[in-house]
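# Geometric and topological summary
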Amino acid sequence: MFPEAEGWSAWPAPAKLNLFLQITGRRPDGYHTLQTVFRLLDWGDTVYLRMRGDGGIRRLGESAEGVVEADDLMVKAAKSLKKESNIAQGVDIGVKKRIPSGGGFGGGSSDAATVLVALNRLWGLDWPTDSIARLGLSLGADVPVFVHGQNAWAEGVGDVITPIDLPPAWYVLAFPGVHAPTAGLFQAEDLTRDSAPATIANFLSGSLSGNAFEPVLRKRENAVDSVLNALSAIGTPRLTGSGSGCFVEFATRDEAMDALQRLPAQLDARVAEGAARSPLLDALERRS
């Protein structure tokens, strides 16, 4: 649908995992402060872009289920960058969705970040990465980490990012088919909001692996509880972000594939490799 011969270029929008997530407090404005580690994956959506000379910005084809064009973060990202850069060019946007919505894998944020990063190149803006990330933050707290394209320790509302080196790993990902209500989970009375602040050293020692949303979501969604129980047969299951997606980490692809084969056939699951950095950065280098 988006052939290169017709002027389209393809750009990766990788999924992410939160290897742990804890909430350390709540600000006066109602936003929660948290700590987490973002792990990028070598798997995700593909965003397609085609330049327009008339200044228009439009989405062609479908995006995430139920997301109309006006609410699409990809469209909002392009419009924000066009406005802030005062550029005359426009763009057509398409996407091949693989990342399930509401799973906590960062699909919408990653798609938006890819639009910003790729248009910065295609429109010849030459904005520094920090400037793109600041603009991305206005679209969502997870967008900056995808803009920077590095595995990261994150604090604040998820926007204070410190790059972190992570060992090679493979993951069995499982999708319960539930769109987790992020806003509702943050307001849950039984959500733990006073975890003691930790350090990167605590994480690297292996002492941090939980997710504050897991006990809350398990009570509210039987499907999530069932998937986590099923995954416990192959390892230590974890929840990612504030979504319903679950995962188990393995050291090698063979171990992950073997574990996948031992799961119930009806479970929606797949294997993905942890990335040392975003595939989007590799795509930018290939086009240099």
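See the structure printed just above.
Everything quoted here is computed from the prediction, not taken from an experiment.

Criteria and cut-off values
- Residues numbered from 1 in each chain as written.
- Predicted model: local features only at pLDDT ≥ 70, side-chain atom pairs only at ≥ 80, totals over all residues.
- Heavy atoms only, no water.
- Helix = DSSP H or I, 4+ residues; strand = E, 2+ residues; numbered from the N terminus.
- Rg over C-alpha atoms; globule rule 2.2 N^0.38 Å.
- Buried < 20%, exposed > 50% of the residue type's maximum accessible area, 1.4 Å probe, protein only.
- Contact = heavy atoms within 4.5 Å.
- Areas by Shrake-Rupley, 256 points an atom, 1.4 Å probe, with all protein chains shown as cover.
- Phe/Tyr/Trp six-rings, centres within 6.5 Å; stacked < 30°, edge-to-face > 60°.
- Lys NZ or Arg CZ within 6 Å of the ring centre and 35° of its normal.
- Axes fitted to C-alpha atoms, helices over the stretch in contact; angles between N-to-C directions.
- Left-handed = near helix turned anticlockwise from the far one by under 90°.
- Nonpolar A, V, L, I, M, F, W, Y, C, P; charged D, E, K, R; others polar.
- Pairing = 2+ DSSP bridges.
- Right-handed = clockwise from strand over helix to strand, strands pointing away.
- Core = buried A, V, L, I, M, F, W, Y, C linked by side-chain atoms within 4.5 Å.

### What about the overall build of the protein chain?
Counting secondary structure elements, the protein chain contains 10 helices and 10 strands. Expected size for 288 residues packed as a compact globule is a radius of gyration near 19 Å; at 19 Å, the protein chain falls within 12% of this value. With the C-alpha coordinates aligned to their principal axes, the bounding extent of the protein chain is approximately 55 × 45 × 35 Å. Scored against the burial criterion, the 288 residues of the protein chain give a buried share of 53%. Long-range pairs, those at least 24 residues apart, make up 74% of the contacts in the protein chain between residues at least 6 apart in sequence. Looking at the protein chain as shown, the accessible area adds up to about 13000 Å², and 48% of this sits on carbon and sulfur atoms.

### Quick look at the packing of aromatic side chains
Aromatic rings in a pair are described by how distant their centres are and how their planes are angled relative to each other. The final tally for this structure, using the stated rule, is eight aromatic pairs. Centre to centre, the rings of phenylalanine 2 and tryptophan 8 are 4.7 Å apart; their planes meet at 70°, and the pair counts as edge-to-face. Judged on exposure class, the residue phenylalanine 2 and its partner tryptophan 8 are both buried. Here phenylalanine 2 and tyrosine 48 contribute two aromatic rings whose centre-to-centre distance is 4.8 Å and whose plane-to-plane angle is 20°, an arrangement assigned as stacked. A residue pair is termed long-range when its members are at least 10 positions apart, and phenylalanine 2 in the segment before strand 1 (9–26) and tyrosine 48 in strand 2 (residues 32–52) qualify at 46 residues. Tyrosine 48 matches phenylalanine 2 in its accessibility class, with the two residues each being buried. Taken together, the aromatic side chains of Phe2, Trp8 and Tyr48 make up a single cluster linked through ring pairs. The ring centre of tryptophan 11 lies 4.5 Å from the NZ or CZ of arginine 287, which sits over that ring.

### Side note on the packing of helix 1 (residues 73–85) against helix 2 (residues 107–122)
Look at helix 1 against helix 2: their axes get within 8 Å of each other, and the N-to-C directions meet at 30°. Here helix 1 runs over helix 2; the crossing is right-handed. Counting all contacts with helix 1, which are made through Leu73, Met74, Ala77, Ala78 and Leu81, the residues of helix 2 involved are Gly108, Ser109, Asp111, Ala112, Val115, Leu116, Leu119 and Asn120. Here the contact of helix 1 with helix 2 is composed, by residue class, of nine nonpolar, three polar and one charged.

### Quick word on the pairing of strand 4 (residues 90–96)
Where burial is concerned, most of strand 4 is hidden: six out of the seven residues are buried. Relative to strand 4, strand 2 runs antiparallel, the two being bridged by seven bridges. Note that in strand 4 the partner of tyrosine 48 across the bridge is glycine 94. Pairing between strand 3 (residues 57–59) and strand 4: three bridges, direction parallel. Pairing of arginine 59 across the sheet is with isoleucine 93, part of strand 4. Regarding topology, helix 1 serves as the crossover connection from strand 3 to the parallel strand 4, and that connection is left-handed.

### Comments concerning the nonpolar core
Generally speaking, nonpolar side chains in soluble globular proteins are found buried as a group. Formed by 40 residues in total, the largest nonpolar core has its most connected members in Leu49, Val91, Val115, Leu116 and Leu119. Of all the elements, helix 2 adds the most residues to this core, at seven residues. When residues no more than four places from it in sequence are discounted, the contact partners of leucine 49 are Gly7, Trp8, Ser9, Trp11, Val91, Asp92, Ile93, Val115, Ala118, Leu119 and Leu122. Listed in part, the 29 residues of the second largest apolar core include Leu228, Ile234, Leu239 and Ala256.

### A short note on the environment of lysine 96
Along the chain, lysine 96 falls in strand 4. For lysine 96, a relative accessible area of 45% puts it in the partly exposed group. Taking the C-alpha atoms as reference points, lysine 96 and glutamate 214, 118 residues apart in sequence, are found 29 Å from one another. Beyond its immediate chain neighbours, meaning those up to four positions away, lysine 96 contacts Asp45, Thr46 and Tyr48.

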